[in-house]
Amino acid sequence: MPSFRLAAAAVIAAVGLVQIANGVIATLIPLALDRAGAPVWSVALVVTAHAIGFLAGSYLAGSVVARLGHARAFFAFAGVAATLTLAYLLPADPLGWAIARAAIGVCLCGAYVTAESWLNHGAKSGNRGRVMGIYNVVQKLAYAGGQGMIAAGAPDATFFAIAAAAFAVAALPIQALGGTPPPASRVGRVSPWAIIRRVPSATAGCFAAGLINAPVVGMAPLFGTGVGLSEGQSVVLMAAMQIGSMVSQGPLGWVSDRIDRRWVLLGATTLTIAMSAGIALVERQSVIVLALMFAAWGSGALSIYAICVAQANDHAPRPAMVAISGTLLLLWASGSIVGPLAASAVMSWIGVGGLFVYAGALSVVLATLIAWRLHVRPPGAPGPWHVPTDR
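For clarity, every value in this text was computed on a predicted model and none was experimentally measured.

### Section: the overall build of the protein
Thinking step 1. Across its full length, the protein carries 15 helices and 2 strands.
Thinking step 2. Here the protein holds 391 residues, and 52% of them are scored as buried.
Thinking step 3. In the protein, the share of contacts with a sequence separation of at least 24, taken over all contacts with a separation of at least 6, comes to 85%.
Thinking step 4. Approximately 16,200 Å² of the protein is accessible, and the part contributed by carbon and sulfur atoms is 71%.

Right under this line is the structure:
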């Protein structure tokens, strides 16, 4: 166990450095394009390119890890991302920047697949929830740290060089402390449909996390200003949501290591339903009341993905874990692309409160599916993995 703890710390630290770089470039690119006088559609182009690259990465990462192994694959993904980030030191060009962002999206997804499969390979059912919880907390803190670096200084091109440096050194913790990486998978590409059929609750939860969390995280400030809050107060709501998520990751992971994870997933989803209904109905409340509700919402909704990843990997054959991580990220990314469009349509129809009507309605669907699965396959019922492959 001590050796795994050291390896897990190295992998999580490496992902933290990647997330610092990601937080910098995700925040700085829109600002740099706006400063250069680029049209609004150019920002949307870059954001969409990143999502497309991330989707492509979910398909490519497994074969790269199988060919190179976990340690060298992470080094390759981080190194290529560092090189591509230097392209942003050139004059702003929407098309060129979009191509670079798409390629970085491939690298980011590859780094996440490598890290998550590595962690799940070493973790046991008795600690997997806590490991993935810590992983997600560090991700969020590092991403916020990258954004905070820009907030603390003048957002100039120097920060792109800092982001490139963070990518470049991201693999160092793994090289220094990662120990022996998992063996390269000898299994061909696992069919995503096989994974969906085997763990429907976890795969549905990952897709729902993208559908729900991406629009709420991205458009919650519109809700705040729409109900009469200032921009500064809206930022407080966003911070409360992230704080709620970070506080809950550890306890929820600890509980999920001791009971069927689907019960914890059902509890988190139920909390999301209750808070979505409350936020949608309150309209104008004090910032303190809304902040508390947003914190509770984040503690439920923003914890769903980590619980699903742990549940999907329980009892899975280790050679399949890379493919499982890739499929779960594919589902999450797909939901993250569709979700903002669907949520904005609901908001246009019924107003800013529609954001949480949308989130609550999808959470009801997810909770219903989880409850049905608990009935069909009660806790403790055997469910051996079978891994059909596409060769």
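Read on, since the account is not over.
### Remarks on the side chain of Thr-85
Thinking step 1. Tracing the chain through its elements places Thr-85 in helix α3 (residues 70–85).
Thinking step 2. The buried category is assigned to Thr-85, whose relative accessible area is 0%.
Thinking step 3. A distance of 2.7 Å separates a polar side-chain atom of Thr-85 from the backbone oxygen of Ala-81.
Thinking step 4. Once residues lying within four places of it in the same chain are set aside, the contact partners of Thr-85 are Ile-25, Ile-104, Phe-160, Ala-163, Ala-164 and Phe-167.

### Let's talk about helix α4 (residues 94–122)
It helps to recall that an α-helix has 3.6 residues per turn; residues three or four apart then point in one direction.
Thinking step 1. The terminal C-alpha atoms of α4 lie 42 Å apart, and with 29 residues this matches the ideal 42 Å at 1.5 Å per residue to within 8%.
Thinking step 2. Burial analysis of α4 places 23 of its 29 residues in the buried class, which makes it a mostly covered element.

### Side note on a nonpolar patch on the surface
Thinking step 1. A surface patch of nonpolar side chains, amounting to about 400 Å² of accessible area, comprises Trp-254, Val-255, Ile-259 and Trp-263.
Thinking step 2. Assignment of secondary structure puts Trp-254 in helix α10 (residues 231–256).

### Notes on the packing of helix α9 (residues 200–226) against helix α13 (residues 304–313)
Thinking step 1. The contact between α9 and α13 brings their axes to 8 Å, and the two run at 155 degrees. Comparing the axis directions of α9 and α13 gives the class roughly antiparallel. Pair α9 / α13 crosses with left-handed handedness. Here Ser-201, Ala-202, Gly-205, Cys-206 and Ala-209 of α9 come into contact with α13, specifically with Ile-304, Tyr-305, Cys-308, Gln-311 and Ala-312.
Thinking step 2. Considering only residue class, the contact of α9 with α13 consists of 7 nonpolar, 3 polar and no charged.

### Regarding the confidence of the model for the protein
Thinking step 1. Per-residue pLDDT for the protein averages 83, and the proportion of residues at 70 or more is 88%.
Thinking step 2. Strand β2 (residues 389–390) is the least confidently modelled element of the protein, averaging 40 in pLDDT, while helix α15 (residues 354–376) averages 94, the highest of any element.
Thinking step 3. The low-confidence segment residues 384–391 (pLDDT under 50) makes 28 contacts with residues lying over four places distant or belonging to another chain.

### Concerning helix α11 (residues 261–282)
Thinking step 1. Between its terminal C-alpha atoms α11 stretches 32 Å, which fits the 32 Å expected from 22 residues at 1.5 Å a residue.
Thinking step 2. The opening residue of α11 is Asp-260, an N-cap whose side-chain oxygen sits 2.8 Å from the backbone nitrogen of Arg-262.

Reading guide: rules and limits
- Residues numbered from 1 in each chain as written.
- Predicted model: local features only at pLDDT ≥ 70, side-chain atom pairs only at ≥ 80, totals over all residues.
- Heavy atoms only, no water.
- Helix = DSSP H or I, 4+ residues; strand = E, 2+ residues; numbered from the N terminus.
- Buried < 20%, exposed > 50% of the residue type's maximum accessible area, 1.4 Å probe, protein only.
- Contact = heavy atoms within 4.5 Å.
- Areas by Shrake-Rupley, 256 points an atom, 1.4 Å probe, with all protein chains shown as cover.
- Polar contact = N/O pair within 3.5 Å; in protein donor to acceptor, adjacent residues only side chain to side chain.
- Expected span 1.5 Å × (residues − 1).
- Patch = residues over 30% accessible without salt bridge, like charges linked within 9 Å, V, L, I, M, F, W, Y side chains within 5 Å.
- Salt bridge = Lys/Arg side-chain N within 4 Å of Asp/Glu carboxyl O.
- Axes fitted to C-alpha atoms, helices over the stretch in contact; angles between N-to-C directions.
- Parallel < 35°, antiparallel > 145°, perpendicular 65-115°, else oblique.
- Left-handed = near helix turned anticlockwise from the far one by under 90°.
- Nonpolar A, V, L, I, M, F, W, Y, C, P; charged D, E, K, R; others polar.
- pLDDT = per-residue confidence, 0-100.

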